[in-house]
Amino acid sequence: MSLRPPSARGFSRGSGLFRLRFGFIIIAMVLSVFGARLVQLQGLDPNAYAAMAEREGVVNAVLPAERGAITDRNGVDLATSVDGMMIVADPSMTDGDAAPIAAYLAEKLDLDYVTTLNRLREKDTRFQYIARRIPSTIANKALGELEDRGYKGLSVRRDPMRDYPAKDVAANLIGFIGEDEALAGLERTFDSTLSGVDGEETYEVGDGKRIPLGDSTSVAPKNGQDLQLTINRDVQWYVQRVLRNTVRSSQAESGVAVVMDSKTGELISLADYPTFDATEPLSSAKSEDDLGSRAMSDVYEPGSVQKVLTFASLIDAGKVTARTRIAVPSELRREGRDIPIHDYWQHGLLRLTAAGVLSKSSNIGTVRAAERISSADLHDYLREFGLGERTNVGVRGETNGILPDKSLWTQGTHDTIAFGQGLSVNAVQMAAAVNTIANGGERISPSLIKGSATTDAGQTVGTERTERTDVVSEDAAEQVTEMMELVADPEDGIAPAAAVPGYRVAGKTGTAQRVGKDCGCYDGTYTVSFAGFAPADDPRFTVYVVVQDPGNGGGGGSVGGPAFSKIMSYLLRKYAVAPTGTKPSTLPVEW
């Protein structure tokens, strides 16, 4: 028998039916609300809701890669990336306030007003760069002040910026970057290697802000690779200071200085003056010419430094020795030449050895010696020394220099090239040629990049690509080295100021007329230089100093010689190169 009363069983069946009916009513009400909302969105007020939807959407943002550093041979930073910020805008939110925002940013961040205004009003996008590589404190302060004024749609993101901690040290080599691209120097030459690949991020936003749990995708950036140079920062700093003082004290136009490791061909320093501060390149450079490397781009006639190569060729070819006797008249008349060949000093008939011709830097004596070698052979030797061809160390704008084709040589061409005119070089080219003598007759291709790196033009350069070429015999190089020692001799030489106390020094002066840019003729100005290496009997470094148009009338010995001595003395001390203790050259100068 059931204990539940009949009335209770009836209430239970009715209650279930009531709940079912109530549920249907609720569902019908919800569907009615959705239907009414759909009619409102699509029929009654579509424009208002489309505008609201536009404020909700997807942002495609760039994740900038960190640019690789440029370091010296010891890993010390010459160019590096530091924390910075970019300011970006959502034009759908900044369009209405674009004018006051642009005015504020133009004043505070030194931006172009019109460009900024246009970006703030850009159509059909939710992302626009407004300013790149701004110090984080400045970017955050600017954004905070704009938010305080009630402006929306701006934000900051990480954007590594470039810093040059050594300022002007190697600036002509390293170059600099602008707002969005590398503009000069190694920064530009190796831009693809250094810059890496930017990443990207896509995410949903609502009311101008990122939706925390919204859909998002991200591709991480691939940071750029570092570029290590053969340059030593401390040496570069010192050489630049010596060069600056040399150019200023001689009232010259410009100058360059090259330091090579004699045994490896690595460039320890490549200095230019005038230079600039890489952190403020456009405001610190006095002219556009100061932004590049004159050591690679300027071509000039080498003058008497060329005589080193001429005599090395003659001795290697078996035409002369260091003791060969040469009669040197007061002037030398040549067929087809209106003006006789002279020396830089007046003299009567001189009886000089080949060593004496080089140490006294006699043009006449050099021409008389060079009569013994054919133009074709001399041309081929000079080509082997590297003249007329780029060194390809990886610096943009490097010139070939000019070594006339041997088919074009006349007797006059032969004569003038023998003593350093009628051809042109760049400073690294000539330093590598002289270094061939320091390295026992074997030319080592110069290098600026440690290891290897590929330029944006597709050329692979660096110490791993070093080439060695036998140019002259070891005996020829030794004889020329002893001849060069006499140049700095206090009694027989013309550049005693190039001497380094306690060390044997081999060197050669150079003074050459310059060709004017406007007239295409010699304009009365000069290029003066000094090239050499030490210790002479076991070379460690080769140094080449070139000064353009000294206003004080100085020559290679009086202008370039002292600079060479200071630089070489510093190098020998810094690298603890001990004197060899051997006796200097005793070659006779006269006969």
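Owing to the predicted nature of the structure, the values given are computational and were not obtained by experimental measurement.

Rules used in this analysis
For every chain, the first residue of the written sequence is number 1, and numbering continues from 1 onward in sequence order. Selection of residues for local features in this predicted model requires a pLDDT of at least 70, selection of side-chain atom pairs for listing and counting requires 80 or more, and totals for whole chains, interfaces and linings are taken over all residues. Think of the side-chain values as coming from all heavy atoms in the structure, minus any hydrogens and water. Lines are fitted to the C-alpha atoms to define the axes, a helix being fitted only along its stretch in contact, and any angle between axes, read from their N-to-C directions, falls within 0 to 180 degrees. Helix and strand assignments come from DSSP, with helices taken as H or I runs of at least 4 residues and strands as E runs of at least 2, each series counted from the N terminus. Each angle receives one of four descriptions, namely roughly parallel if under 35 degrees, roughly antiparallel if over 145, roughly perpendicular if within 65 to 115, and oblique otherwise. Put simply, a crossing is left-handed when the front helix is turned counterclockwise from the back one by less than a right angle, and right-handed when it is turned clockwise. By the convention used here, residues are in contact when the closest approach between their heavy atoms is within 4.5 Å. At least two bridges found by DSSP between two strands is the condition for calling them paired. Using a 1.4 Å probe on the protein chains alone, a residue whose accessible area is under 20% of its type maximum counts as buried, one over 50% counts as exposed, and one in between counts as partly exposed. Note on charges: Lys and Arg go in the positive column, Asp and Glu in the negative column, and His and the chain ends are not counted at all. Only one rule defines a salt bridge in this text: a Lys or Arg side-chain nitrogen within 4 Å of an Asp or Glu carboxyl oxygen. As used in this structure description, the phrase polar contact means that two N or O atoms lie within 3.5 Å; if the pair is within protein, one of them must be able to donate a hydrogen and the other to accept it, and residues adjacent in sequence are counted only when both atoms belong to side chains. Patches draw on residues past 30% relative accessible area with no salt bridge. Two like charges within 9 Å are joined, as are two nonpolar side chains (Val, Leu, Ile, Met, Phe, Trp, Tyr) within 5 Å. Throughout, the Shrake-Rupley method with a 1.4 Å probe supplies accessible areas, and for residues the shown protein chains are the sole cover considered. To pair, rings of Phe, Tyr and Trp, with the six-membered ring standing in for Trp, must have centres within 6.5 Å; the planes then decide the type, stacked if under 30 degrees apart, edge-to-face if over 60, and tilted in the middle. Whether a charge lies above a ring is judged from NZ of Lys or CZ of Arg, which has to be within 6 Å of the ring centre and within 35 degrees of the ring normal.

Asker: Can you lay out the packing of helix α13 (residues 306-316) against helix α19 (residues 474-485) for me, pointing to particular residues and giving the numbers?
Answerer: Closest axis-to-axis distance for the α13/α19 pair is 9 Å, and the angle between their directions is 140°. When the axis of α13 is compared with that of α19, the two are oblique. The hand of the α13/α19 crossing is right-handed. Only Ala476, Gln479, Val480, Met483 and Met484 of α19 make contact with α13, whose side of the interface consists of Val308, Phe311, Ala312, Ile315 and Asp316.

Asker: Quick rundown of the sheet that holds strand β13 (residues 227-228)? Include the residues and the values.
Answerer: Two pairing modes exist for strands in a sheet, parallel and antiparallel, and in both the strands are linked by backbone hydrogen bonds. Strands sit in the order β7-β3-β2-β13 across an open sheet of 4 strands; the sheet is mixed. Because the sheet does not close on itself, it has two edges, and the strands there are β7 (161-163) and β13. Where strand β2 (residues 70-71) meets strand β3 (residues 77-82), 2 bridges bridge the pair, whose relative direction is antiparallel. The residue bridging Thr71 from the neighbouring strand is Asp77, located in β3.

Asker: Account for the side chain of Glu398, with residues named and values stated.
Answerer: By the secondary structure assignment, Glu398 is in the loop between α16 (375-384) and α17 (411-418). Put simply, Glu398 is tucked away with no salt bridge, and the nearest opposite charge, on Arg390, sits 5.5 Å away. Looking at Glu398, its side chain comes within polar contact range of the main-chain nitrogen of Thr391, at 2.6 Å. A polar side-chain atom of Glu398 sits 3.1 Å from the main-chain amide nitrogen of Asn392.

Asker: Run through a nonpolar patch on the surface, naming residues and quoting values.
Answerer: A contiguous nonpolar patch, built from Phe24, Ile27 and Leu31 and spanning about 340 Å² of accessible area, is present on the exposed surface. Position of Phe24 relative to the elements: it lies in helix α1 (residues 6-44).

Asker: Before we move on, can you summarise the packing of aromatic side chains with the specific residues and values?
Answerer: One pass over the structure, following the stated rule, counts 6 aromatic pairs. Ring centres 4.1 Å apart and planes at 10° place the aromatic pair Tyr238 and Tyr570 in the stacked group. Residue Tyr238 is found in helix α10 (residues 233-249), and its partner Tyr570 is found in helix α20 (residues 556-574); the two are separated by 332 residues along the sequence. Taking relative accessible area as the criterion, Tyr570 reaches 16% and is therefore assigned buried. Both rings, one in Phe541 and one in Tyr575, keep their centres 5.1 Å apart while their planes meet at 50°; by these two values the pair is tilted. Of the two residues, Phe541 is situated in strand β24 (residues 541-548) and Tyr575 in the segment after α20; the sequence distance between them amounts to 34 residues. For Tyr575, a relative accessible area of 27% puts it in the partly exposed group. Looking at Arg351, its charged tip hangs above the ring of Trp591, at a distance of 5.8 Å from the centre. For Arg540, the ring lying beneath its charged end belongs to Tyr575, and the centroid distance is 5.5 Å.

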